[in-house]
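Structure at a glance
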Amino acid sequence: MAEHEKSEVITKSKVDKAISLLKEQKPKERDDVSDREAVKKMRRYIEKLTSDKYGYTYDEVSEMLKGLGINLSGSRIKYLIGELKKSRGFCKTYA
């Protein structure tokens, strides 16, 4: 309680300024992202590499990413790409 007695007076003006300051803050940029978010950001490049034109497998893409410290299995990447397609209401049918 002794600490509370030493605190300075908080005026209504300071509270109003504090509220303005807090309201203006933007979300912090996070350094870490989920595997789903990572694949979402890389999706177009992964789909390009795994297309018939480029011919890479998801396992090969996985190996490329491991060199950068992104440890996702080929099957996990393939699964997440499929989930992203479903969530957008876009689903290709492969024969």
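A full pass over the atoms with the stated rule returns seven salt bridges. For the salt bridge of K14 with E8, the shortest nitrogen-to-oxygen distance reads 2.5 Å. In this structure K14 comes out as partly exposed when scored by relative accessible area, which is 38%. For E8, a relative accessible area of 59% gives the class exposed. Linking K12 and D16 is a salt bridge whose minimum nitrogen-to-oxygen distance equals 3.1 Å.

In summary, soluble globular proteins display a tendency toward joint burial of nonpolar side chains. Counting eleven residues, the largest nonpolar core is built from A38, V39, M42, I46, V61, L65, L72, I77, L80, I81 and L84. Of all the elements in the fold, those that place two or more residues in this core are α3 (35–49), α4 (58–66) and α5 (74–87). Among all residues touching L84, those that are not within four sequence positions of it are V39, K40 and R43.

Right, let's get into the confidence of the model for the chain. Taken over all residues, the pLDDT of the chain has a mean of 88, while the share at 70 or more is 86%. The weakest mean pLDDT in the chain belongs to helix α1 (residues 2–6) at 58; the strongest belongs to α4 at 97. In this model, residues 91–95 is a region of pLDDT below 50 whose contacts with residues beyond four sequence positions or in other chains number two contacts.

Any two packed helices are characterised by how steeply their axes cross, that is the angle between the axes, and by the distance between the axes. At a closest axis distance of 7 Å, the pairing of α4 and α5 adopts a crossing angle of 110°. Here α4 is positioned roughly perpendicular relative to α5, judged by the angle of their axes. Every residue of α5 that contacts α4 at Y58, D59, V61, S62 and L65 is listed here: G74, S75, I77, K78 and I81. A class-by-class count of the residues in the contact of α4 with α5 yields five nonpolar, three polar and two charged.

On the surface, I10, V15 and I19 cluster together into a nonpolar patch covering about 270 Å² of accessible area. As for its position among the elements, I19 is in helix α2 (residues 12–24). Its relative accessible area of 42% is what places I19 among the partly exposed residues.

A few words now on α5. For α5, with 14 residues, the first-to-last C-alpha span of 20 Å sits near the 20 Å given by 1.5 Å per residue. Along α5, the residues that are buried comprise G74, I77, L80, I81, L84 and K85. Around the axis of α5, the buried residues are gathered within 140° of arc, so they sit on the same side. Opposite the buried face of α5, at more than 90 degrees from it, the exposed residues are S75, K86 and S87.

What counts, and at which threshold
Residues numbered from 1 in each chain as written. Predicted model: local features only at pLDDT ≥ 70, side-chain atom pairs only at ≥ 80, totals over all residues. Heavy atoms only, no water. Salt bridge = Lys/Arg side-chain N within 4 Å of Asp/Glu carboxyl O. Buried < 20%, exposed > 50% of the residue type's maximum accessible area, 1.4 Å probe, protein only. Core = buried A, V, L, I, M, F, W, Y, C linked by side-chain atoms within 4.5 Å. Helix = DSSP H or I, 4+ residues; strand = E, 2+ residues; numbered from the N terminus. Contact = heavy atoms within 4.5 Å. pLDDT = per-residue confidence, 0-100. Axes fitted to C-alpha atoms, helices over the stretch in contact; angles between N-to-C directions. Parallel < 35°, antiparallel > 145°, perpendicular 65-115°, else oblique. Nonpolar A, V, L, I, M, F, W, Y, C, P; charged D, E, K, R; others polar. Patch = residues over 30% accessible without salt bridge, like charges linked within 9 Å, V, L, I, M, F, W, Y side chains within 5 Å. Areas by Shrake-Rupley, 256 points an atom, 1.4 Å probe, with all protein chains shown as cover. Expected span 1.5 Å × (residues − 1). Arc of directions from axis to C-beta.

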